[in-house]
Amino acid sequence: MAAAAKTRGEDRVAIYRLGLWLFMGSESFLFLALLFSRFYLQGVQRPAELNQPLGLVISIVLLLSSLSAYRGETCAVYGDQAGFRRNILVTIGLGFLFLVGVGIEWSEGFHFFPPSTGFGTVFFTLTGFHAFHVLTGVLALAAVLVRGRKVQYGPGSYWAVEGAVKYWHFVDVAWVFIYPTLYLVS
Amino acid sequence: MRTLLSLGLLKGVIAGLAGTAVGMALTMVVRSALGYPAWQPDQVTLAGTLVGIPAYLAGVGAFSAWWGWVLGKGIEEPGGHHFWGWTRYFGADPNHKVIGIQYMATSLVVIAVAGIYQLIARLETSQPGLQFLSPDTYNSLMSLHGIMMLGAVLLGVSGMINYLVPLMIGARDMAFPRLNAFSYWITVPAVFLLLFALPAGGFDTGWTGYPPLSTKAPLGMQLMILAFYLVGWSSILGGVNFLATIMKMRAPGMGLFRMPIFVWTALATAFLQIVFTQFVGIAFLMVLLQRVLGLGFFDPAKGGNVLLFQHLFWLYSHPAVYIFVLPGLGVISEIVPVFSRKPLFGYRLVALSSFGIALQGAIVWGHHMFTAGIEEWLRIPFMVTTMLVAVPTGVKIFSWLATMWHGKISLDTPMLFALTAIAVFLVGGLTGIPNGIVPTDLYIHDTYWVVAHFHHTLFGGFVFPAMAAIYFWFPKVTGRLLNRGLGKLHWALMTVGFFVTYEPMFWLGLNGMRRRIADYDPALGLGPMNTVVSVAAYVIALSMLVFFVNLVASAWRGTRAPANPWRSRTLEWQLSSPPPEHNFPTPPQVLGSPYGFGIPGSVHAVVTPAGGAGEEKGGLGRVSSG
Amino acid sequence: MRKHWIAVIALTIVGAALLALLFLKVPLVPAQAAKQAAQIDTLLTVQLALGGAIFALVMVFLVYSVIAFRRRPGDTDDGPPTEGNAALETVWTIIPLALVLSLATYGGIVLRDMLRPPPGQELVVKVNAMQFAWLFEYPQYGFTSPQLRMPVDQPVLLRLASRDVIHSFWVPEFRVKMDAVPGMEKHLRITPTVIGNYQVQCAELCGLLHWAMRAPVSVVDGAAFQQWIAEQRK
């Protein structure tokens, strides 16, 4: 396929990039629908039992992971395989830390606002969908990492890393909207 | 036997069934371990499908290339087997022409099944009184007819776009061939789920699945939701693929305003698929979550609101109507100039009107909820935005008429279907006005008027154009012509059958015939007209039978088709029939309009032949001999 | 050239007139039995006549072209290469726009009329919908009945509620309908104008016996209504 693309003068990376943007664009409508539902069903109500310190901590963890993901991508661009591997591993670790945090929040939530209540319905759905996206992001990063054992990333051949990291940023940005919607508005 | 076992489909089904069994067993074990009764239909089957569908996809081979990529292996180029080797069509193949045929064939199968469902249900309503169906069977058949037909239309749309768009824009293939195969293969389990829905108890909500009714419906509801979700994802990924293909893979010289109108409609369709499908996906997932885990989206006692579903649902399902009909309108725009031997009148405005329709369709969803109790003032803006669709659709219809005016019209089968489509779609549009104006909608909403109206738009916007498209492009796809006499018989039966089925429904609706009822009060006096409708519905079925016979017989023994039997100018006709495995080894050079009929010296494109396409006649796309 | 135009214009006028006649003369709708029904029927007739005219226009052009501009056998030339006409395209963009906007305005005016609370006392009926029955509560009189009975020419406010799933209140002779939505109360105003017996039917699919979810509705004169009230309260 690569050969055929070359003879036709296609810019494959530009096509991949457009495809990813379109996919993320579509996904953002999913989150838009969820955010809309939160306000439609619950207005700006939120229970006092929400664990505010934990929410803040996991938000910071996720933001930090975007930073390490960015560093990993930069390393890949310049062909620094060790730096790439280290930073992506850190990102995956932070991603798991975030998921653990959500897990703790869930176990408390089951107690204070179970999913069969108004706020619980909204809370568990929003965080659940987002956590699922974090998990897919972790899988994408892991796939890129595994591929990196066989394939050297470097100038002109870093699309795979760029794509996975872009998706990771997207998941991060989604949380930037979800966090205030659940934890801060009132 | 060995060939049979190598079929991706068979491997997929076996893996899928095994995966489903494992998923169900695991859930039941976990449930009993936690002290619940092992069997809870919704949870157990959901877990079964969650394991079964990935297992099925792995069996089909939809993941193998990606898995190889992750492991850093080179990806094997497909090919080597013959284009017409039948085994190819039963496995994951990345060639867009194979996938287009797979989509179209699946679509026709589903249309046949869904049609039979409604033919049975229709017999029940041909007289007042409960004849032979129980009310729950009636409800299930009617609901499945709706959702399966809509699924079939989505598949058909994907089929047409898949086959035609890369050829029309001079591309090698789709932008993402493996994603394309994946998009097709996730629709196959959806079809199986829908077929299982009837034995699993059916569902009694209609295709719209409004909660709270759908949160209490039998297991069939859940299978329908999962099927809807799979087809939805196929649609989103297909949309990404179509849009990337059209934006990035056009041949040199193919500016946006040199694209055939069908490609424009595909572009608008892809935009709608990408943006809006998520809304209906999440709406149905909410129903699923409420059914399986007891969340409270649509339960007023738990802070829910049943109107949330309707907003999310129609936010997709109104634009979805344009996903269904825009490609069909594109087909009409391709066929009318060819059989009138004139340029498409007002090309630019027609091209942009597709986007007009798409954008307008995004802001009208509330008109499905005029009687549902949305805020009373909100109905006015939705009424105004709804009315605006008359402008871009009017542009299309008037342009077709102006194209025919003083043309040299020949009534070949594709043209006959295209002209009927215009008439039917026009009636669909005009009878939509009373639906869009609030006071009259309060009268006719949820009656047979609405049923008649949307069958006009779907027949006029999809069924008749899709038939036109099949008669038009069948020679290109198979290298054989469809039988002319059978084609005209099909057209005549279908046209007569259609009008006699659906015009009386307007009257029935005005006189008290509600939608989706298994029986009605004899005192309403609607029996005789309902009998007429039922008989005519069987005439449509007969026409489809003629069509299927024609398809099979002509594919097998039809007259060999030349490369360009209709003397069209678009790129796909400049290749051999059927087209070569790889579309354009050298990219074609696009020089002008695809519709320059009669314009001296006008050339659409210069194509370097790959499969020995000969030049038919002057005034077509010129073919260089290099 | 000219003769084609004269022919299609003449045929369009004839076609539109025939369709208008059809819509006016053929009984398309059931009897009217409410003030709202008369307004809606007029609006519907206007829409049908206009739709008929547009249908006639398009179909006359289409069928006429097919007959007058048929390709002669053996003629393989192309037609005249007209690619467009800016003035004409503008006209067929603007005219439909004006038409539909005026229809929407007319519809809006009728709607405003229908929603406006009437002067004087309204009879309030609380309509309770459930799978698969209707119950009618008269809060001003303190009783509940399985049938809806209303005095003629008296404005009635229906307060619709549902106990389980979505239902929809529809009496074809009154034309208007409104859903009964669980967790909410929706309003519908009707002024019955003709004494007689009707039937309310559930118009929103509500499950197994949706088709059978009907209840009697009767419109009686004022005296008979008072007498019925007295009987019910006993």
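None of the values given here were measured: they were computed from a predicted structure.

What counts as what
- Residues numbered from 1 in each chain as written.
- Chains lettered and ligands numbered in written order.
- Predicted model: local features only at pLDDT ≥ 70, side-chain atom pairs only at ≥ 80, totals over all residues.
- Heavy atoms only, no water.
- Helix = DSSP H or I, 4+ residues; strand = E, 2+ residues; numbered from the N terminus.
- Rg over C-alpha atoms; globule rule 2.2 N^0.38 Å.
- Buried < 20%, exposed > 50% of the residue type's maximum accessible area, 1.4 Å probe, protein only.
- Contact = heavy atoms within 4.5 Å.
- Areas by Shrake-Rupley, 256 points an atom, 1.4 Å probe, with all protein chains shown as cover.
- Lys, Arg positive; Asp, Glu negative; His and termini not counted.
- Charge placed at Lys NZ, Arg CZ, Asp CG, Glu CD.
- Buried area = accessible area lost by both parts, 1.4 Å probe.
- Salt bridge = Lys/Arg side-chain N within 4 Å of Asp/Glu carboxyl O.
- Polar contact = N/O pair within 3.5 Å; in protein donor to acceptor, adjacent residues only side chain to side chain.
- Nonpolar A, V, L, I, M, F, W, Y, C, P; charged D, E, K, R; others polar.
- Domains from an automatic or database assignment.
- Patch = residues over 30% accessible without salt bridge, like charges linked within 9 Å, V, L, I, M, F, W, Y side chains within 5 Å.
- Pairing = 2+ DSSP bridges.
- Axes fitted to C-alpha atoms, helices over the stretch in contact; angles between N-to-C directions.
- Parallel < 35°, antiparallel > 145°, perpendicular 65-115°, else oblique.
- Left-handed = near helix turned anticlockwise from the far one by under 90°.
- Disulfide = S-S within 2.5 Å.

### Points about the overall build of chain C
When its secondary structure is counted, chain C shows four helices and 10 strands. In sequence order, chain C lays out its α and β elements as α-α-α-β-β-β-β-β-β-β-β-β-β-α. What you see for chain C is a C-alpha radius of gyration of 26 Å, clearly larger than the 17 Å of a compact globule of 234 residues, by over 25%. The dimensions of chain C, computed from C-alpha atoms along their principal axes, are 90 × 35 × 30 Å. Expressed as a percentage of the 234 residues in chain C, the buried residues total 48%. A separation threshold of at least 6 residues defines the contact pool for chain C, and within that pool the share at least 24 residues apart is 69%. Total accessible area computed for chain C in this model is approximately 10,800 Å², and 64% of it derives from carbon and sulfur atoms. Considering chain C, the positive charge centre built from 20 side chains and the negative charge centre built from 17 side chains are found 5 Å apart.

### Things to note about the interface of chain C and chain B
For interface size, the figure often reported is the accessible area lost on association. Across the boundary between the two partners, chain C contributes 85 residues, which contact 92 residues of chain B. Together chain C and chain B conceal approximately 7,600 Å² of surface at their shared face, both sides included; 70% is due to carbon and sulfur atoms. Our count for the contact surface shared by chain C and chain B stands at two salt bridges. The closest approach of N and O atoms between Arg341(B) and Asp78(C), which form a salt bridge, is 3.1 Å. Counting across the chain C and chain B interface gives 22 residue pairs in polar contact (both at pLDDT 80 or more). At the level of secondary structure, the elements contributing two or more residues to the side of chain C that touches chain B comprise helix H1 (2-25), helix H2 (35-68), helix H3 (86-115), strand S7 (177-180) and strand S9 (196-202) of chain C. In terms of residue count, H2(C) provides more of the side of chain C that touches chain B than any other element does, 17 residues in total. When grouped by side-chain class, the residues that make up the side of chain C that touches chain B number 52 nonpolar, 18 polar and 15 charged.

### Observations regarding the domain arrangement of chain C
Residue and element names in this part refer to chain C. Along its sequence, chain C is carved into domain 1 (2-69 + 89-115) and domain 2 (123-233). Distance between the C-alpha centres of domain 1 and domain 2: 35 Å. On the domain 2 side, the residues contacting the 13 residues of domain 1 number 12 residues. Each partner contributes to the roughly 980 Å² buried at the junction of domain 1 and domain 2, and carbon and sulfur atoms together form 55% of this total. By the criterion of area lost to domain 2, the three top residues of domain 1 are Ala33, Ala34 and Gln36, representing 45% of everything that side buries. Counting every contact that joins domain 1 to domain 2 gives one salt bridge. Here aspartate 41 makes a salt bridge to arginine 175, at a shortest N to O gap of 2.7 Å. Here domain 1 is connected to domain 2 by 10 residue pairs in polar contact (both at pLDDT 80 or more).

### Regarding the interface of chain B and chain A
Counting residues at the interface gives 43 residues for chain B, matched by 38 residues for chain A. Between chain B and chain A the total buried area reaches about 3,500 Å² when both faces are included, carbon and sulfur atoms providing 69% of it. By the criterion of area lost to chain A, the three top residues of chain B are Trp69(B), Arg172(B) and Gln278(B), representing 17% of everything that side buries. Counting across the interface, chain B meets chain A through eight residue pairs in polar contact (both at pLDDT 80 or more). Elements supplying a minimum of two residues to the side of chain B that touches chain A: helix H4 (64-70), helix H7 (177-185), helix H10 (219-248), helix H11 (261-293) and helix H12 (306-340) of chain B. Of the residues that constitute the side of chain B that touches chain A, the class distribution is 29 nonpolar, nine polar and five charged.

### Quick word on a positive patch on the surface
Together, Arg85(A), Arg149(A), Lys150(A) and Lys73(B) make up a region of like positive charge exposed at the surface. In this structure, Arg149(A) sits in the loop between helix H5 (118-148) and helix H6 (159-184).

### A few points about the sheet that holds S9(C)
Residue and element names in this part refer to chain C. Here five strands make up an open sheet; going across it, the order is S4-S10-S9-S6-S7 and the pairing mixed. On the outer flanks of this sheet lie strand S4 (148-151) and S7, each paired with one strand and no other. Along the sheet, successive strands turn relative to each other by an average axial angle of 25°, direction set aside. Summarising the sheet, S9 and strand S10 (residues 214-220) pair through six bridges and their orientation is antiparallel. Across the sheet, the residue bridging to tyrosine 198 is valine 217, located in S10.

### Focus on the side chain of Asp172(A)
Residue and element names in this part refer to chain A. Topologically, aspartate 172 is positioned in helix H6. One buried charged side chain, aspartate 172, makes no salt bridge at all; its nearest oppositely charged neighbour is arginine 71, positioned 14 Å away. In contact with aspartate 172, other than residues within four places in its own chain, are Leu62, Leu63 and Ser66.

### Brief notes about the packing of helix H2 (residues 12-42) of chain A against H10(B)
At their nearest, the axes of H2(A) and H10(B) sit 9 Å apart, and the two run at 140° to each other. As far as their axial angle goes, H10(B) and H2(A) are oblique. Note on packing geometry: the crossing formed by H2(A) with H10(B) is right-handed. Every residue of H10(B) that contacts H2(A) at Ala14(A), Ile15(A), Leu18(A), Gly19(A), Leu22(A), Phe23(A), Ser26(A) and Glu27(A) is listed here: Trp233(B), Ile236(B), Leu237(B), Val240(B), Leu243(B), Ala244(B), Met247(B) and Lys248(B). Classifying every residue of the contact of H2(A) with H10(B) by side-chain character gives 12 nonpolar, two polar and two charged.

### Quick notes on the sheet that holds strand S8 (residues 186-190) of chain C
Residue and element names in this part refer to chain C. Taken together, the five strands give an open sheet; going across it, the order is S3-S2-S1-S5-S8, and neighbouring strands pair in mixed fashion. The open sheet has two edge strands, strand S3 (143-145) and S8, and neither has a second partner. Geometrically, the sheet is characterised by an average inter-axis angle of 25° between neighbouring strands, direction not taken into account. Inspection of the sheet shows strand S1 (residues 123-130) paired to strand S2 (residues 133-138) by five bridges, in the antiparallel sense. The residue bridging alanine 129 from the neighbouring strand is tryptophan 134, located in S2.

### Examining the pairing of S1(C)
Residues and elements named next belong to chain C. Counting buried positions along S1 yields eight of eight residues, so the element is predominantly enclosed. Note that S1 and strand S5 (residues 156-162) share seven bridges and pair parallel. By the bridge assignment, alanine 129 is partnered in S5 with serine 162.

### Looking at the pattern of salt bridges
Enumeration over the complete set of coordinates arrives at 13 salt bridges over all chains. Ionic pairing is found between Glu185(C) and Arg159(C), a salt bridge with its closest N-O pair at 3.1 Å. Highlighted residues: Glu185(C) in the loop between S7 and S8 and Arg159(C) in strand S5, separated in sequence by 26 residues. Each of Arg17(A), Glu162(A) and Lys166(A) takes part in a single network of salt bridges with overlapping partners.

### A look at the state of the cysteines
Residues and elements named next belong to chain C. Within the structure shown, the criterion is met by zero disulfides over all chains. For the unlinked cysteine cysteine 206, the closest cysteine sulfur is that of cysteine 202, found at 3.9 Å. A relative accessible area of 0% places cysteine 206 in the buried class.

### Considerations on a nonpolar patch on the surface
Residues and elements named next belong to chain B. Among the surface-exposed residues, Leu4, Leu5, Leu10, Ile14, Trp86 and Phe90 lie close enough to one another that they form a single nonpolar patch of about 560 Å² accessible area. Of all the elements in the fold, those that place two or more residues in the nonpolar patch are helix H1 (2-6) and helix H2 (8-33). Locating isoleucine 14 in the fold gives a position in helix H2. Residue classification places isoleucine 14 among the exposed residues on the basis of a relative accessible area of 52%.

### Side note on the packing of helix H16 (residues 413-430) of chain B against helix H19 (residues 448-478) of chain B
All names here are of chain B. Contact geometry for H16 and H19: axes closest at 8 Å, N-to-C directions at 170°. Judged on the interaxial angle alone, H19 and H16 are roughly antiparallel. As for how H16 packs across H19, the hand of that crossing is left-handed. For the pair H16 and H19, contact is made by Thr413, Pro414, Phe417, Ala418, Thr420, Ala421, Val424, Phe425, Val427 and Gly428 and by His453, His456, Thr457, Phe459, Gly460, Gly461, Phe464, Pro465, Met467, Ala468, Tyr471 and Phe472, respectively. Across the contact of H16 with H19, the residue classes break down as 14 nonpolar, eight polar and no charged.

### Overview of the arrangement of the chains
The protein chains that touch form two pairs of chains, and the pair with the most contacts between them is chains B and C. For the non-touching pair chain A and chain C, the nearest C-alpha separation works out to 13 Å.

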